[in-house]
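# Structural characterization, general
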Amino acid sequence: GNAAVVNGKAVDLVLTTDGTFTTSKPSKNGKSGAFGILNVKCGTSLSVTMKVVDSETGAPVVLDAVALTWFDLDEGKKQKGRATVTSCGSTGAIVSQNTELTSKREGDCHSFTSSVAGTGKDNPKSPHNLDSVQISRSVTLPFKGVSEFSSTLSLAKGFKGRNFMFALEPSVACGLQNPSE
C-alpha cells in the first residue's frame, strides 16, 4: 500500500502470482526496507505480475515510465539454486559492465541467470547504495506506458529457497544496454 505518489495520487503496488507460488520461508515474503522480497523454493518457478493501482479506487494507473530492478541474482554452492529472471515487454534491459549474469533474448523477452554463488552477507541494503558485486548481480528492466508488468522467477534444484529482491528503481544506471543483441 501507498507505494508511491503519481500525479498527486497515492498508488499501491499489487503483486499476483500464477497460482503456483511455492516458498521455503513464507515469513521472508513482503517488504524489507526499500526492497520487495519473494522467497521462492529451489526447483520451482513463479510468474508474478505487478500492477500499479490507485490507492483509493483500485483503478489501474498507467505510468509513463517505470524501471523494475531485480537484485541479488546469485546462487548456492556448486550451482545449486541457480536463479533466473525472465521478463517480456520492457524497452530493453540494463546490466553493469562487470555483470555476473548470463543473458538471453527472445523477441521482447529477456532472461538473466546467475553464474556466481552468493550468501546473505553480500545482499544489498539499499537500491541507492550498491557496491560493484551487488551491481554485477542486478538487472534493470525499463517499461513505458504500462500499469502492469510481469516476470518469471525460476530456481534450479538446491537447498531450501532463495530470495528475489526487487525495487521500482533504475539502479543499474551505468550499465550495458541490451547485452544480448
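All of the points below concern the structure found in this document. (Residues numbered from 1 in each chain as written. Predicted model: local features only at pLDDT ≥ 70, side-chain atom pairs only at ≥ 80, totals over all residues. Heavy atoms only, no water.)

### What about the packing of aromatic side chains?
Tallied over the entire structure, the rule returns 4 aromatic pairs. Where F35 meets F71, the ring centres are 5.0 Å apart and the plane angle is 80°; that geometry is what we call edge-to-face. Taken together, the residues F35 in strand β4 (residues 35-41) and F71 in strand β6 (residues 63-71) connect sequence positions 36 residues apart. Here F35 falls in the buried class, since its relative accessible area comes to 2%. Relative to F149, the ring of F143 lies with its centre 5.2 Å away and its plane at 20°, an arrangement referred to as stacked. Assigned by exposure class, F143 and F149 land together as buried. In this structure an aromatic cluster arises from ring pairing among W70, F164 and F166. (Phe/Tyr/Trp six-rings, centres within 6.5 Å; stacked < 30°, edge-to-face > 60°. Helix = DSSP H or I, 4+ residues; strand = E, 2+ residues; numbered from the N terminus. Buried < 20%, exposed > 50% of the residue type's maximum accessible area, 1.4 Å probe, protein only.)

### Things to note about the pairing of strand β9 (residues 102-106)
Remember that side chains alternate between the two faces of the sheet whenever the strand is regular. Across 5 bridges, β9 lies against strand β10 (residues 109-113) in antiparallel orientation. Looking at the pairing, T102 lines up with T113 of β10. Counting the residues in the hairpin turn of β9 and β10 gives 2 residues, including G107, whose phi is positive at 60°. (Pairing = 2+ DSSP bridges.)

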